[in-house]
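# Topology and contacts: notes
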Amino acid sequence: MIGVFDSGIGGLTVLQWIRQRLPQANLLYLADQAYAPYGAKDSDLLQQRCDQIADWLIEQGCTVLVVACNTATAHCIDALRDRLTVDIIGVEPGIKPAALGTRSGAIGILATENTLASSRYQQLASRFNPNTRVVNQPCSGLADAIEQGPDTGSIDTILAGCTAAMTEAGVDRVVLGCTHYPLVQDRLQRLLGAGVQLIDTGEAIAGEVARRAGVAALGEGKTRLLTTGSRARLQHLIGTYPQLSDHFQANQCETAPELSVQSQTSGSSSA
Ligand code: DGL
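Residues numbered from 1 in each chain as written. Predicted model: local features only at pLDDT ≥ 70, side-chain atom pairs only at ≥ 80, totals over all residues. Heavy atoms only, no water.

### A word on the site of the ligand
To keep things clear, this is the line we draw: When we say a residue is near a molecule or strand, we mean one of its heavy atoms is within 4 Å of it. Polar contacts, as counted here, are pairs of nitrogen or oxygen atoms within 3.5 Å of one another; within protein the pair requires one atom able to donate a hydrogen and one able to accept it, and residues that are adjacent in sequence qualify only if both atoms are side-chain atoms. For every accessible area listed, the method is Shrake-Rupley and the probe measures 1.4 Å; residues are considered covered only by the protein chains on display. The classification used treats Ala, Val, Leu, Ile, Met, Phe, Trp, Tyr, Cys and Pro as nonpolar, Asp, Glu, Lys and Arg as charged, and all other residues, Gly among them, as polar.
For the ligand, the set of nearby residues contains 13 residues, the closest of which are Ser7, Tyr38, Gly39, Thr71 and His180. One nitrogen or oxygen atom from the main chain of Asn70 is found 2.8 Å from an oxygen atom belonging to the ligand. Contact distances for the ligand include 2.8 Å between a nitrogen atom and a side-chain N or O atom of His180. Protein chains bury 99% of the 300 Å² of accessible surface belonging to the ligand in isolation. In the shell around the ligand, the residues fall into five nonpolar, seven polar and one charged.

Right, dumping it as structure tokens:
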């Protein structure tokens, strides 16, 4: 079984590619909606959540884990890999395909504050800086607004604010450096214009999972979607984003009450 997690519904944009690539695999998805968003939370709290979720997924029988969250990958994957023996695959902003593909010489990266501030991301970005202008754009509050549903008014305001500097800089490639952002891809494309290519690494990650899954790819093709928050809310969100309702059903949703409670020692929920 393959375990996949994110702060919320964002990782489902990766899960749907894994589902397509590995039709027989049993997939267990955990949306940590009781603690979402992760984008501006304290790193210690993020590590506690990632440790607790990874241990739980392994207890459920997962032998491969996918951290379907750029923020959690940037801050927590090294410690997870040091501590655990299962194969752990993460996600990172697709700077490389953007830098290799740009004709204008300028690319934009949309991600959370925590992802852009991480040393892991800064090392990745530094490899491309000499030849390419990289416009780093933190999208404060965007993942949280997406978690409230597609009709949330602030989504368009935040997107307009996030894309202004990109257009000004003449970028022709924009990286979706948070797994929530493919859920607003059409709106972003309209704001940026047809000449800008959006880069989402979900399909490439699924390819990597397929290469490394081994026996974890063999099963009955079951998908279970668990949340540390409200099952009704997860069901509602899956029904309202077409990118999710095309691939998942309400009856696949459950709660994971054993993961919902944890003393919140630090961080805030106002990303
Ligand atoms: N979807 C996550 C990411 O890729 C987390 C966003 C958030 O919770 O702020 O970064």
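### Some points on the nonpolar core
So the rule is basically this: By convention a nonpolar core is built from buried Ala, Val, Leu, Ile, Met, Phe, Trp, Tyr and Cys residues, the set being connected through side-chain atoms within 4.5 Å. Here's how the labels work: a residue is buried when its accessible area is under 20% of the maximum for its type, exposed when over 50%, partly exposed in between, all with a 1.4 Å probe on protein chains only. By definition, residues are in contact when any of their heavy atoms lie within 4.5 Å.
With 56 residues, the main nonpolar core has Ile2, Ile9, Leu12, Ile18, Leu110, Ile146 and Leu225 as its most contacted residues. Non-local contacts of Ile2, meaning those with residues more than four positions away in its chain, are made with Leu22, Ala25, Asn26, Leu27, Leu28, Cys62, Val64, Val66, Val209, Ala213 and Ala216. Membership of the second largest hydrophobic core comes to 25 residues, among which are Phe5, Cys62, Val67 and Leu84.

### Quick notes on the pattern of salt bridges
Operational definition: Each salt bridge in this description consists of a side-chain nitrogen of Lys or Arg and a carboxyl oxygen of Asp or Glu lying within 4 Å of one another. Helix and strand labels come from DSSP, where a helix needs a run of H or I of at least four residues and a strand needs a run of E of at least two; each type is numbered from the N terminus.
Overall, the coordinates contain 13 salt bridges when judged by the stated rule. One salt bridge in this structure joins Arg49 and Asp32, with 2.8 Å as the shortest N-O distance. One end of the pair, Arg49, is in helix H2 (residues 43-59); the other, Asp32, is in the loop between strand E2 (27-31) and H2, and 17 residues separate them in sequence. Pair check on accessibility: Arg49 and Asp32 agree, each one buried. Between Arg224 and Glu254 there is a salt bridge; the shortest N-O distance is 2.8 Å. In this pair, Arg224 is assigned in strand E9 (residues 223-227) and Glu254 in strand E10 (residues 253-255), connecting sequence segments 30 residues apart.

### Side note on the sheet that holds strand E5 (residues 106-111)
Rule in force here: Paired strands, in this sense, are two strands between which DSSP finds at least two bridges. Orientation is described by lines fitted to C-alpha atoms, with helices fitted over the stretch in contact, and by angles between N-to-C directions that extend from 0 to 180 degrees.
A sheet is described by the order of its strands in space; here four strands give the open sequence E6-E5-E7-E8, paired in parallel fashion. Every interior strand has two partners, whereas the edge strands, strand E6 (133-138) and strand E8 (197-199), have only one. The mean inter-strand angle of the sheet, taken between neighbouring strand axes irrespective of direction, is 20°. Direction of pairing for E5 relative to strand E7 (residues 173-176): parallel, over a ladder of four bridges. When the bridges of E7 are listed, Ile107 appears paired with Arg173.

### Considerations on the side chain of Ser7
Within the secondary structure, Ser7 is located in the loop between strand E1 (2-6) and helix H1 (12-21). Contact partners of Ser7, with chain neighbours within four places excluded, come to Ala31, Asp32, Gln33, Ala36, Tyr38 and His180.

### A look at the packing of H1 against helix H10 (residues 202-212)
The following threshold applies: Angle categories are assigned with fixed cut-offs, so that under 35 degrees is roughly parallel, over 145 is roughly antiparallel, 65 to 115 is roughly perpendicular, and the rest are oblique. In this scheme the handedness of a crossing depends on how the near helix is turned from the far one: anticlockwise by less than a right angle means left-handed, clockwise means right-handed.
Running from N to C, H1 and H10 cross one another at 45°; their axes reach a closest spacing of 8 Å. Classified by the angle between their axes, H1 and H10 sit oblique to one another. The element H1 and its partner H10 pack so that their crossing is right-handed. Between H1 and H10, the contacting residues are Val14, Trp17, Ile18 and Arg21 on the first element and Gly202, Glu203, Ile205, Ala206, Gly207, Val209 and Ala210 on the second.

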